[in-house]
Amino acid sequence: LLPFILYPLVAIYYVDYVCSVVTGVLVGALSAAVIQKRLEGRLVAMGAFLSLQFSGYFVVLWAALWVLPLVSGALGLSGLLARLSLAGGSVLLFFLFREGIHAVLWALLANRLEVAPSEQAAVIEVGSLGFCVVDRKIGEIRAKKQQIWGEY
């Protein structure tokens, strides 16, 4: 029984570790692009990050306790196979939920920064060097806001 609890938890912790960094970067960049004032941007970024984190935990917990057992029962799985499907399904659901959040955040950020598809492809290909494009776009938006609204 212990491996069916321990191994999925270790996998979820690892996925959470990697995905939390990506979520933090995307939420931080998006809040910096949308919100003008620093304090408000930091508070919104922190609130959004924590909301996204906890929503992922609650979705997986809800699915692991109620939805996945119903699905495995409907498929006629029992015993070891049911436990394996519950463990693997929980990890898969957690990963897919977090990747869905990343896709939505990435689309919002690209839309807000008016990133061309060629620049998006460059960011994806280059990896971390691609954040130079994001940083440049955030600077351009801040300059436009200061021209329109001035410093306040």
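What counts, and where the lines are drawn
- Along each chain, the written sequence defines residue order, and numbers are assigned to residues from 1.
- The model is predicted, so local features are restricted to residues of pLDDT at least 70 and side-chain atom pairs to those at 80 or more, both for listing and for counting; the totals for chains, interfaces and linings are taken over all residues.
- Water and hydrogen atoms play no part in the side-chain values, which are based on all heavy atoms of the structure.
- Counting from the N terminus, the helices are the DSSP runs of H or I reaching at least four residues and the strands are the DSSP runs of E reaching at least two.
- Buried residues are those whose accessible area, probed at 1.4 Å on protein chains only, stays under 20% of the maximum for their type, while exposed residues exceed 50% and partly exposed ones sit between those limits.
- By definition in these notes, contact holds between two residues if any of their heavy atoms fall within 4.5 Å.
- Residue burial considers only the protein chains on display, and all accessible areas are found by Shrake-Rupley using a 1.4 Å probe.
- All axes here are fitted lines through C-alpha atoms, helices being fitted over the stretch that makes contact, and every angle between N-to-C directions spans 0 to 180 degrees.
- Between 65 and 115 degrees an angle is taken as roughly perpendicular, under 35 as roughly parallel, over 145 as roughly antiparallel, and anywhere else as oblique.
- Left-handed is the label given to a crossing in which the near helix is rotated counterclockwise from the far helix by less than a right angle, and right-handed is the label when the rotation is clockwise.
- Ten residue types, Ala, Val, Leu, Ile, Met, Phe, Trp, Tyr, Cys and Pro, are classed as nonpolar, four, Asp, Glu, Lys and Arg, as charged, and the remainder, Gly among them, as polar.
- Helix span is expected to be 1.5 Å times the residue number reduced by one.
- The quantity called bend is, for any residue, the angle between two axes fitted respectively to the seven residues ending at it and the seven beginning at it.
- Confidence of the predictor at the level of single residues is captured by pLDDT, which takes values from 0 to 100.
- Only rings of Phe, Tyr and Trp enter the pairing, Trp through its six-membered ring, and a pair is recorded when the two centres are within 6.5 Å. The plane angle decides the type: under 30 degrees is stacked, over 60 is edge-to-face, the rest tilted.

Let us now look at the overall build of the protein chain. The number of helices and strands found in the protein chain is five helices and zero strands. Listing the helices and strands of the protein chain from first to last along the sequence gives α-α-α-α-α. Counting only residues that meet the buried cut, the protein chain has 30% of its 152 residues in that class. Partitioning the contacts of the protein chain with sequence separation of at least 6, the portion at a separation of at least 24 is 76%. A total of about 9,900 Å² of accessible surface is found on the protein chain, and carbon and sulfur atoms cover 72% of it.

Right, let's get into the side chain of Ser 20. Tracing the backbone shows Ser 20 in helix α1 (residues 2-34). Not counting residues within four places of it along the chain, the set of residues in contact with Ser 20 comprises Phe 49, Gln 53 and Arg 98.

Moving on to the packing of helix α2 (residues 38-74) against helix α3 (residues 80-112). Where α2 contacts α3, the axes come no closer than 9 Å and their chain directions differ by 140°. By the angle between their directions, the pair α2 and α3 is classed as oblique. Crossing hand, α2 versus α3: right-handed. Residues Leu 52, Gln 53, Ser 55, Gly 56, Tyr 57, Val 59, Val 60, Ala 63, Ala 64, Leu 68, Pro 69 and Ser 72 of α2 form the contact with α3, whose participating residues are Ser 85, Leu 86, Gly 89, Ser 90, Leu 93, Phe 94, Phe 97, Arg 98, Ile 101 and Leu 105. Classifying every residue of the contact of α2 with α3 gives 14 nonpolar, seven polar and one charged.

Further remarks concern α2. Over its 37 residues, α2 runs 51 Å from end to end, which matches the ideal 54 Å to within 8%, given 1.5 Å per residue. Of all bends in α2, the biggest is about 50°, found at Ala 64.

Looking at the secondary structure, you find Gln 53 in helix α2. Discounting residues that sit within four places of it in the chain, Gln 53 has contacts with Asp 16, Ser 20, Thr 23 and Arg 98.

Scored by pLDDT, the protein chain has a mean of 79; 78% of the residues are at 70 or more. Taking the mean pLDDT of every element in the protein chain, the minimum, 62, falls on helix α4 (residues 117-126) and the maximum, 88, on α2. Confidence drops under pLDDT 50 across residues 126-130; counting only partners more than four residues distant or on other chains, this segment forms two contacts.

Another point: the packing of aromatic side chains. Evaluation of the coordinates by the stated rule reveals two aromatic pairs. Aromatic side chains Phe 54 and Tyr 57 sit 5.9 Å apart centroid to centroid with 80° between the ring planes, which places their arrangement in the edge-to-face category. In this pair, Phe 54 and Tyr 57 both sit in helix α2, three residues apart, roughly one turn of the helix. For the ring pair Tyr 57 and Phe 94, a centre distance of 6.2 Å and an interplane angle of 5° mean the geometry is stacked. You can see Tyr 57 sitting in helix α2 and its partner Phe 94 sitting in helix α3, a full 37 residues away along the chain. For Phe 94, a relative accessible area of 1% translates into the label buried. Grouped by ring-pair contacts, the aromatic residues Phe 54, Tyr 57 and Phe 94 constitute a single cluster.

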